[in-house]
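# Per-entry structural report
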Amino acid sequence: MTRMLIIGPPGSGKGTQAERVSEGLGIAAISTGDIFRAHVKGGTPLGTEARKYMDAGDFVPDSVTNEMVRSRLSQDDVETGFLLDGYPRTAAQVGYLDGILAAREVTLDVVLQLTADDEELVKRLLGRARDTGRSDDNEAVIRHRLDLYHQQTEPVVAAYARRTILTRVDGIGGIDEVTARVMDAIPNPSRVSAASDR
Ligand code: B4P
């Protein structure tokens, strides 16, 4: 059983790698970005609220995000482990997650930070904009999301480094190459299939 986080700037490959790790280890991948996008698509009140922030490249307020994560982490499928992708992103979210985990008497096994330089990230996200037309993938908004990562999420990374559960993984290279590095960085992974060895 593995309980882990993937943290990284927008475009570092969090979502891409989370899907592969989840498949390889047989654990639930929980992406706050994907949950928000599903609400936007479904036209729910939460989606209407979140969209204002996402389109501007801002973080959705902690009060909304934290409650959504608490609810998701109370579902049965996380009993056997989970991978949180894109949460926590602020110091307040770290404290909130600590509270959820402490109440269940569980701890995180590892926090993976995917790294890549800003110019590579902008290039990737502009590529995704061409492919998928995601509304927050235009250059001004991408640069704002990167600034927020440096200001608010790098302190989150530093907090986990102080707890000595942080492992940095170079996110530059082919997707398969990065997956191999990510899998190597997970302590004692019990794989459910050979999928992660691609
Ligand atoms: P996210 O969905 O998390 O968006 P993201 O940071 O851009 O990461 P994503 O996972 O999509 O991209 P990836 O790096 O995998 O968040 C979107 C928004 O939701 C946020 O801006 C915020 O408004 C809100 N939100 C989410 N979580 C929140 C929280 N905790 N608190 C508050 N607000 C929150 O991949 C990007 C691209 O790179 C893809 O096109 C992929 O194909 C490509 N790629 C990946 N790996 C590659 C590689 N090795 N080489 C080349 N290209 C690669």
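Definitions and limits used
Residues numbered from 1 in each chain as written. Predicted model: local features only at pLDDT ≥ 70, side-chain atom pairs only at ≥ 80, totals over all residues. Heavy atoms only, no water. pLDDT = per-residue confidence, 0-100. Contact = heavy atoms within 4.5 Å. Axes fitted to C-alpha atoms, helices over the stretch in contact; angles between N-to-C directions. Helix = DSSP H or I, 4+ residues; strand = E, 2+ residues; numbered from the N terminus. Parallel < 35°, antiparallel > 145°, perpendicular 65-115°, else oblique. 1 Å grid on protein atoms, 1.4 Å probe; cavity = no way out; pocket = protein on both sides within 12 Å on 5 of 7 lines; lining within 4 Å. Points joined across faces, edges and corners; volume = space filled by probe spheres on them. Nonpolar A, V, L, I, M, F, W, Y, C, P; charged D, E, K, R; others polar. Buried < 20%, exposed > 50% of the residue type's maximum accessible area, 1.4 Å probe, protein only. Near = heavy atom within 4 Å. Polar contact = N/O pair within 3.5 Å; in protein donor to acceptor, adjacent residues only side chain to side chain. Areas by Shrake-Rupley, 256 points an atom, 1.4 Å probe, with all protein chains shown as cover. Sits in = over half its atoms within 2 Å of the grid points. Core = buried A, V, L, I, M, F, W, Y, C linked by side-chain atoms within 4.5 Å. Pairing = 2+ DSSP bridges.

## Focus on the confidence of the model for the chain
Residues at a pLDDT of 70 or more form 96% of the chain, whose mean pLDDT is 94. This stretch, residues 194-198, has a pLDDT under 50; its non-local contacts, to residues over four places away or in other chains, come to 9 contacts.

## Some thoughts on the packing of helix H2 (residues 32-42) against helix H4 (residues 62-72)
As a packed pair, H2 and H4 sit with axes 11 Å apart at the nearest point and diverge in direction by 100°. As far as their axial angle goes, H4 and H2 are roughly perpendicular. In this structure, H2 uses Thr32, Ile35 and Phe36 to contact H4, whose residues at the interface are Val64, Thr65, Met68, Val69 and Arg72.

## As for the layout of surface pockets
Considered as a void within the structure, the largest pocket measures approximately 940 Å³ in volume. Gly11, Lys14, Arg128, Arg134 and Arg145 are, among the 41 residues lining the largest pocket, the residues nearest its centre. Mapped by element, the contributors of at least two residues to the lining of the largest pocket are strand E1 (2-7), helix H1 (14-25), H2, helix H6 (118-132), helix H7 (139-162) and helix H8 (175-185). The residue inventory of the lining of the largest pocket, partitioned by class, reads 13 nonpolar, 17 polar and 11 charged. Computed from the structure, the second largest pocket encloses a volume of approximately 160 Å³. Taken together, Arg3, Leu73, Val78, Glu79, Phe82, Ile100, Leu101, Arg104 and Val106 make up the lining of the second largest pocket. Within the lining of the second largest pocket, the residues separate by chemical class into 6 nonpolar, no polar and 3 charged.

## Section: the side chain of Thr2
Counting through the fold element by element, Thr2 comes out in strand E1. With a relative accessible area of 3%, Thr2 lands in the buried category. For Thr2, the contacting residues outside a window of four places in its chain are Leu25, Ile27, Thr80, Gly81, Phe82, Asp109 and Ile186.

## Considerations on the site of the ligand
The ligand sits among 31 residues. The nearest are Gly13, Thr32, Asp58, Arg89 and Arg145. Measuring from a nitrogen atom of the ligand, one finds a backbone N or O atom of Gly86 at 2.9 Å. Relative to its unbound accessible area of 1,000 Å², the ligand is 89% covered by the protein chains. The cavity where the ligand resides is the largest pocket. Elements with a contribution of two residues or more to the shell around the ligand: H1, H2, H6 and H8. Classifying every residue of the shell around the ligand gives 9 nonpolar, 13 polar and 9 charged.

## Quick word on the nonpolar core
One finds Leu73, Leu84, Leu97 and Tyr160 to be the most contacted residues of the largest nonpolar core, which totals 20 residues. Secondary-structure elements contributing two or more residues to this core are E1, strand E3 (81-85), helix H5 (91-103) and H7. Those residues in contact with Leu84 that sit more than four places away from it in its chain are Met4, Leu5, Ile6, Ile30, Val69, Leu73 and Leu97.

## As for the pairing of E3
Within E3, 5 of the 5 residues are buried, which leaves it mostly tucked inside the rest of the structure. Neither face of E3 is exposed, since Gly81, Leu83 and Asp85 on one face and Phe82 and Leu84 on the opposite face are all buried. Relative to E3, E1 runs parallel, the two being bridged by 5 bridges. In the strand pairing of E3, Arg3 is matched with Phe82. Of the strand pairs in this sheet, strand E2 (residues 28-31) and E3 are connected by 4 bridges, and their pairing is parallel. Pairing of Ser31 across the sheet is with Asp85, part of E3.

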